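In case you want the letters, here they are:
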Amino acid sequence: MCRALSAAGLSARALIREVNWHLTAVGHEVLHPTAAYSWLKGSTPASPAVRYAVAVVLTRVTGIAYHPADLWPATADPVPLLRATDDLVGPRGLRRLLDIAAAWTALSGAHQGTVQPSTGPLLITSALDATSGPPAERLRHPAADRIEHVLPPMAGHLESTLADLRRLDDQTGGGAVSHRWVRTALAGVLDLLRNAQYSDDVGRRLLRTAGGLAQLAGWMCHDSNLTGPAQRYHLLALRLAKASGSAEAVANNLGMLAYQMVPANPAEAVRLATAATDAARSSAAAVRARALGRLATAHAAAGDLHAYQTAADACRAMLDRAKPEDTPADLYYYTPRQQAAEHGHALVLLAATYPPHARRLLTHATDLLTPLAMTDTDDTYRRSALLHGIHLARAHLLAHDRPTATATIDFLAQRVPGVQSVRCRSMLADLRGTAHRHLPTATREAVDKALSTA
């Protein structure tokens, strides 16, 4: 444990902070801030979930694959640590895909949380493998004597459930309870696909719903900083989307994977976002705009100002052409205000790369971020408002505008309660930590109080 902590460059308290974010994401009780000190003296956590959480955090920070037995040799935790891409590289028939997805959704949130992310060629290969091959595959039904028949009204009910869960995520973010509910809904749809009777049309609708639920579960995992499970859900969603013949969902999942790669590997994000724009080439304008927006953010993270500007201009022009009646159900949120906020975030990323242009970039970024981030009359997209508010506060701090940064953070502290997003809460905690010398005591205390609420 001592060597692993040294390799991670973390103090004992810093390790517990990271472990507690992970435990919160999987719905486990958090630890006392001093818990790691006893581990350094040779004690072992009693809970397997805690031991796995520590291994996952240290693996993420160091890039070295840790198993609990590496940290506490006397333990014999039986659950293997899997990679997000396991069993999802190369061709997979639809029946095999449904079996893999069902086995995955049957795992608990804590077990899923042990899965390690994949990077580099393996992740990109798995993602692109999912987009190749024939556009759709006909389901082979189980034995004809099965009495469970899925009728169109049931398919419609499941589609409505997916829509409701998406809007729940818009408000509260990827909390452990919400994710468990989505995981349960996905398991139910997969069970119908594998074991019930239905027409070809209903089968395609069930596949699209399963793909949508897997996509939502992946996004919720990302919002909980569970990178490995997020990748696995999106890789499953990609294959389900391909099987259902939905090029729009394929493009959207590739774009989501690209966005999630932005902090760790912008070059991989650019490759995945480029694949998303290729997949969306024949789709409706809103789908193409969404993919171009992901590409713009990836280029910004990679520090390519010209490529960002080209993609951002094309994104705005394409969204201007979008017609509501042609916009897929899962892109209802991609409004001009959301698009502007995302471009504002991209400009904050670019400001760090181009110091001579930083003031101009940050001024433009704050103009784009403010309408969504500082709204206090609409809770429809509360999680997105909080996320982009954090980017806005960072932009003000980078511009050395401390009074406005303080006012922004004070406002964000009021918005935290009710948003369970571990990603947003940990980002705000990090911002409070790095900027603590520039913030009044009252602002720091307001953030601390807000983060202590559910």
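Since the structure is predicted, the reported quantities are computational estimates derived from the model, not experimental observations.

Definitions and cut-offs
- Residues numbered from 1 in each chain as written.
- Predicted model: local features only at pLDDT ≥ 70, side-chain atom pairs only at ≥ 80, totals over all residues.
- Heavy atoms only, no water.
- Helix = DSSP H or I, 4+ residues; strand = E, 2+ residues; numbered from the N terminus.
- Rg over C-alpha atoms; globule rule 2.2 N^0.38 Å.
- Buried < 20%, exposed > 50% of the residue type's maximum accessible area, 1.4 Å probe, protein only.
- Contact = heavy atoms within 4.5 Å.
- Areas by Shrake-Rupley, 256 points an atom, 1.4 Å probe, with all protein chains shown as cover.
- Lys, Arg positive; Asp, Glu negative; His and termini not counted.
- Charge placed at Lys NZ, Arg CZ, Asp CG, Glu CD.
- 1 Å grid on protein atoms, 1.4 Å probe; cavity = no way out; pocket = protein on both sides within 12 Å on 5 of 7 lines; lining within 4 Å.
- Points joined across faces, edges and corners; volume = space filled by probe spheres on them.
- Core = buried A, V, L, I, M, F, W, Y, C linked by side-chain atoms within 4.5 Å.
- pLDDT = per-residue confidence, 0-100.
- Expected span 1.5 Å × (residues − 1).
- Axes fitted to C-alpha atoms, helices over the stretch in contact; angles between N-to-C directions.
- Parallel < 35°, antiparallel > 145°, perpendicular 65-115°, else oblique.
- Left-handed = near helix turned anticlockwise from the far one by under 90°.
- Nonpolar A, V, L, I, M, F, W, Y, C, P; charged D, E, K, R; others polar.

(A) Quick look at the overall build of the chain. Across its full length, the chain carries 22 helices and zero strands. Radius of gyration (C-alpha) of the chain: 22 Å, near the 22 Å computed for a compact globule of 454 residues. Its C-alpha atoms give the chain principal-axis dimensions of about 70 × 60 × 40 Å. Across the 454 residues that make up the chain, the buried fraction comes to 53%. In the chain, once contacts between residues fewer than 6 apart in sequence are set aside, the share between residues at least 24 apart is 72%. Only carbon and sulfur atoms are counted for the fraction: they give 56% of the accessible area of the chain, which is about 19400 Å². Placing the 46 positive and 38 negative side-chain charges of the chain at their respective mean positions leaves the two points 4 Å apart.

(B) Quick peek at the environment of Val422. In this fold, Val422 is placed in helix α21 (residues 422-434). The class of Val422 is buried, set by a relative accessible area of 3%. Taking the C-alpha atoms as reference, Val422 lies 18 Å from His32; in sequence the two are 390 residues apart. The contact partners of Val422, leaving out residues within four places of it in the chain, are Trp21, Thr24, Ala25, Asp223, Ser224 and Asn225.

(C) Structural context of the side chain of His345. Mapping His345 onto the fold places it in helix α17 (residues 336-353). Those residues in contact with His345 that lie beyond four places of it in its chain are Thr297, Leu369, His388 and His391.

(D) Quick look at empty space enclosed by the protein. Applying the stated criterion across every chain, the model contains two cavities of 30 Å³ or more. Estimated volume of the largest cavity: approximately 390 Å³. Broken down by secondary-structure element, the contributors of at least two residues to the lining of the largest cavity are α9 (152-172), α11 (200-223), α13 (247-261), α15 (285-301), α17 and α19 (382-398). Residue contributions to the lining of the largest cavity peak at four residues, all from α19.

(E) Molecular detail of the nonpolar core. In this structure, Leu193, Leu206, Leu238, Leu254, Leu272 and Tyr308 are the most contacted members of the largest nonpolar core, which totals 101 residues. With ten residues, the single largest contributor to this core is α11. Residue contacts for Tyr308: discarding those within four places in its chain leaves Ala296, His299, Ala300, His343, Ala346, Leu347 and Leu350.

(F) Local environment of the confidence of the model for the chain. When pLDDT is averaged along the chain, the result is 92; 96% of the residues meet or exceed 70. Between the elements of the chain, mean pLDDT differs from a low of 89, seen in helix α5 (residues 68-71), to a high of 98, seen in α15.

(G) α9, seen in detail. Here α9 contains 21 residues, and its C-alpha end-to-end distance of 31 Å stays within 8% of the 30 Å for a straight helix at 1.5 Å per residue. Residues Ala155, Leu158, Leu162, Leu165, Arg166, Asp169, Asp170 and Thr172 constitute the buried set of α9. Tucked inside the fold, the buried residues of α9 contact α10 (176-195), α11 and α19. Looking one or two places after α9, you find Gly173, whose phi comes out positive at around 80°.

(H) Looking closely at the packing of α15 against α17. α17 packs onto α15 with a crossing angle of 15° between their chain directions and a minimal axis gap of 8 Å. As far as their axial angle goes, α17 and α15 are roughly parallel. For the pair α15 and α17, the sense of crossing is left-handed. Contact residues: α15 offers Arg290, Arg294, Ala296, Thr297, Ala300 and Ala301, while α17 offers Glu342, His343, His345, Ala346, Leu349 and Leu350. For the contact of α15 with α17, the class distribution of residues is six nonpolar, three polar and three charged.

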